[in-house]
Amino acid sequence: VKSIAVLTSGGDSQGMNAAVRAVVRSALYHGLEVFAVQRGYQGLINDDIRPMDLRSVGDIIQRGGTILQTARCKEFLTPEGQQKGADNLRKRGIDGLVVIGGDGSYQGANKLSKLGIRTMGLPGTIDNDIPFTDFTIGFDTAVSIVVDAINKLRDTMTSHERSSVVEVMGRHCGDIALYAGLASGAEAILVPEVELDVHDVADRMSDNFRHGKRHSIILVAEGAGTGEDIAAQITARNGIEPRVTVLGHIQRGGAPTHNDRILASRLGDFAVRKLIEGDSGKALGLVNNELVATDINTVVNTKKPFNMNLYDLAMRLSQ
Ligand code: ATP
């Protein structure tokens, strides 16, 4: 490849900018021309494509969101939309594309790969729901935001001997709840991957309060129920009225942690090197601190395994 482009797609996540920066700077370092596509696949169809230089990605490594913006684009689901996107790249001589996004975005990259554009997918989502990478770009930051919020809740809860239900993001993947729950000593973690009877949670809570516990945090991934609903079930069972906090889109904002910036930088550079090698249709990740490339088909057809060991540990330590 001589000329590549980069885009961000799907939901934004912290560290996408660091990934864009790494792709652009690494491509220039290797003597490639590099372009940015604005607003994901929508920009590809609209031909919203501009050349990038070293300075175009200055002062963004620390910023949340994505300077390239992102979009959900229905037209790109059609073969005509995909062809238009590929044609717009080709008429500029662009034969490689780095897509930073979630599994939907990966499928789009796969389609372009079949149309002869070499593509690499980078896992940009806070949910950590992509397999064949230990972590996705943005997950570490989202977890630290949740942990920080729970620290603040704990201060006020301990003073008042209260309990809190905290609802976090994660429709299909409970990793934000799991990692934030383990890191903040949550008494219960409700995730879509594990069946848990809220009555048992409520009974354990009242037991723990009887034995001198002064506060309790229940973490709920949105895929396991709403915070309000879980709190109502707890109250109906044991009479305790937890306060409900829904963290929402706060989890997607703010400066990326150093872990996310480093992950994004390594994966962005790896994507460029894989394209130079002539590889295509791969999703990139970091497994046991090693860079790995996996066929996008395999990645989008595999469910990320849930870390039951960590879950059990969190439960053992939160009596
Ligand atoms: P998130 O995990 O944050 O939701 P995502 O990348 O999974 O991110 P989607 O909205 O599913 O978000 O996908 C982003 C875009 O990718 C879609 O708007 C669409 O343009 C494109 N896309 C999704 N699925 C496909 C597909 N099967 N074929 C072609 N393009 C697709």
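The model shown is predicted, which means the values in this text are computed figures rather than measured ones.

**Structural notes on the confidence of the model for the protein chain**
Okay, step 1: Mean pLDDT over the protein chain: 96, with 100% of residues reaching 70 or higher.
Okay, step 2: Overall fold confidence (pTM) sits at 0.97, and the ipTM for the predicted complex is 0.95.

**Focus: the environment of D260**
Okay, step 1: Within the secondary structure layout, D260 lies in helix α9 (residues 258–277).
Okay, step 2: Along the backbone, D260 and T158 are 102 residues apart, and their C-alpha atoms lie at a distance of 32 Å.

**Thoughts on the nonpolar core**
Okay, step 1: Judged by nonpolar contacts, the single largest core of 53 residues is most densely connected at A5, A19, V23, V98, L267 and A271.
Okay, step 2: At eight residues, the largest contribution of residues to this core is made by helix α1 (residues 16–29).
Okay, step 3: Residues contacting A5, with those up to four places away along its chain left out, are F35, A36, V37, I49, L89, I94 and L97.
Okay, step 4: Grouped together as the second largest cluster of nonpolar side chains are 37 residues, V143, I176, A177 and L178 included.

**Regarding the packing of helix α7 (residues 198–210) against helix α8 (residues 227–238)**
Okay, step 1: One way to put it is that α7 packs onto α8 with a least axis distance of 9 Å and a crossing angle of 60 degrees. On the basis of their axis angle, the class for α7 and α8 is oblique. Crossing handedness for the pair α7 and α8: right-handed. Where α7 approaches α8, its residues V198, H199, V201, A202, D203, M205 and S206 are matched on the opposing element by I230, Q233, I234, R237 and N238.

What counts and how
Going along each chain's sequence as written, the residues are numbered from 1 onward. This being a predicted model, a pLDDT of at least 70 is required before a residue's local features are given, and a value of 80 or more before pairs of side-chain atoms are given or counted; all residues contribute to the totals for chains, interfaces and linings. Along the chain, pLDDT gives the predictor's confidence residue by residue, from 0 to 100. The helix and strand labels rest on DSSP assignments: H or I over at least four residues marks a helix, E over at least two residues marks a strand, and numbering proceeds from the N terminus. Remark: nonpolar core denotes a set of buried Ala, Val, Leu, Ile, Met, Phe, Trp, Tyr and Cys residues whose joining runs through C-beta atoms within 7 Å. Buried means a residue has 20 or more other C-beta atoms within 10 Å of its own C-beta, exposed means 12 or fewer, and partly exposed covers the counts in between; C-beta atoms are placed from the backbone. Contacts are defined on C-beta atoms placed from the backbone: any two residues whose C-beta positions lie within 7 Å are in contact. To get an axis, fit a line to the C-alpha atoms, keeping to the stretch in contact for a helix; angles then go from 0 to 180 degrees between the N-to-C directions. Roughly parallel means an angle under 35 degrees; roughly antiparallel means over 145; roughly perpendicular covers 65 to 115; every other angle is labelled oblique. The hand of a helix crossing depends on one turn: near helix anticlockwise from the far one by less than a right angle means left-handed, and clockwise means right-handed.

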